[in-house]
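Summary of the model geometry
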Amino acid sequence: MGQGRTRVAWRVVGVLLAPVLAFGCAVMSVAMSDIGGTPTCEELAKAADSSGECFSGSSLQKGITLGLGWPSGALAGVAALAALAFVITGRRGRLALQLAALALVLGGLSILIGTF
């Protein structure tokens, strides 16, 4: 009887986790698309028109941010699908949590590197 409650509780966690991960996927995709289309401030200073928005870090920093951010968004989307699969089947819940954790770590590193 205790196992049934645990399984239901974990499925509820999966139901709550799936939309959060899907939202994280969308946010990271939009953010990385915006960062990828924004020139660095060094590039903007060299251009004739120096007005507009720019990425304050170096081009290496921008590349690392994008290199960690895009996979983070993709993994968040896959983790959302894995969480839904867990809710439906009751299997591979650990995989969903591992994918979510990896997406969170990569996203956190991307944000951390991009801000400093």
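Residues numbered from 1 in each chain as written. Predicted model: local features only at pLDDT ≥ 70, side-chain atom pairs only at ≥ 80, totals over all residues. Heavy atoms only, no water.

A short note on the overall build of the chain
Formally: Strands here mean DSSP runs of E at least two residues long; helices mean DSSP runs of H or I at least four residues long; both are numbered from the N terminus. Throughout, radius of gyration means the C-alpha value; the globule benchmark is 2.2 Å times the number of residues raised to the power 0.38. Relative accessible area decides the class of each residue, using a 1.4 Å probe on protein chains only: under 20% of the type maximum gives buried, over 50% gives exposed, and in between gives partly exposed.
Scanning the chain from N- to C-terminus turns up four helices and zero strands. Its helices and strands taken in sequence order, the chain reads α-α-α-α from the N to the C terminus. Taken over C-alpha atoms, the radius of gyration comes to 19 Å for the chain, far larger than the 13 Å a tight globule of 116 residues would show. Each of the three principal axes of the chain carries a C-alpha extent, and together these read 70 × 15 × 15 Å. Expressed as a percentage of its 116 residues, the buried residues of the chain come to 33%.

Concerning the nonpolar core
Soluble globular proteins: nonpolar side chains tend toward being buried together. To keep it simple, the criterion reads: Only buried Ala, Val, Leu, Ile, Met, Phe, Trp, Tyr and Cys residues count toward a nonpolar core, and they belong to the same one when joined by side-chain atoms within 4.5 Å. A contact between two residues is defined here by any heavy atoms of the two lying within 4.5 Å.
Counting 14 residues, the largest nonpolar core has L21, L75, A79 and L99 as the members making the most contacts within it. Elements supplying a minimum of two residues to this core: α1 (2-37), α3 (59-89) and α4 (93-115). Among the elements that take part in this core, α3 stands out by supplying seven residues, more than any other. Not counting chain neighbours up to four residues away, the residues in contact with L75 comprise L99, L102, A103 and L106. If you look at the next biggest cluster of nonpolar residues, it comprises five residues, including M28, M32, F55 and L66.

A closer look at α3
Filter applied, for reference: To estimate how far a helix should reach, multiply one less than its number of residues by 1.5 Å.
With 31 residues, α3 ought to run about 45 Å at 1.5 Å a step, and its terminal C-alpha atoms sit 45 Å apart, in line with that. Note on α3: the residue one or two positions beyond its end, G90, has a positive phi of about 80°.

A short note on the side chain of T40
For T40, the position within the fold is in the loop between α1 and α2 (41-46). Assessed through its relative accessible area of 1%, T40 is described here as buried. Residues contacting T40, with those up to four places away along its chain left out, are C54, F55, G57, S58, S59 and K62.

Points about the environment of G36
Tracing the chain through its elements places G36 in helix α1. Using a relative accessible area of 41% as the deciding quantity, one classes G36 as partly exposed. Separated by 19 residues in sequence, G36 and F55 have C-alpha atoms that sit 9.2 Å apart. In this structure G36 touches K62 and L66, once residues within four positions along its chain are discounted.

Some details on unusual backbone geometry
Positive phi outside glycine occurs at R92, with the angle close to 60°. Structurally, R92 can be placed in the loop between α3 and α4.

Things to note about the packing of α3 against α4
The test is simple: Convention adopted: a line fitted to C-alpha atoms gives each axis, helices being fitted over their contacting stretch, and angles between N-to-C directions are expressed from 0 to 180 degrees. An angle below 35 degrees is treated as roughly parallel, one above 145 as roughly antiparallel, one from 65 to 115 as roughly perpendicular, and anything else as oblique. In this scheme, a crossing is called left-handed if the near helix is turned counterclockwise away from the far one by less than a right angle; it is called right-handed if the turn is clockwise. Classification used: nonpolar for Ala, Val, Leu, Ile, Met, Phe, Trp, Tyr, Cys and Pro, charged for Asp, Glu, Lys and Arg, polar for all others including Gly.
Close contact between α3 and α4 brings their axes to 7 Å; oriented N to C, the two are set at 160°. When the axis of α3 is compared with that of α4, the two are roughly antiparallel. Between α3 and α4 the crossing geometry is left-handed. Of the residues contributing to the contact of α3 with α4, the split by class is 18 nonpolar, nine polar and no charged.

On their own, these measurements won't tell you what the molecule is for.
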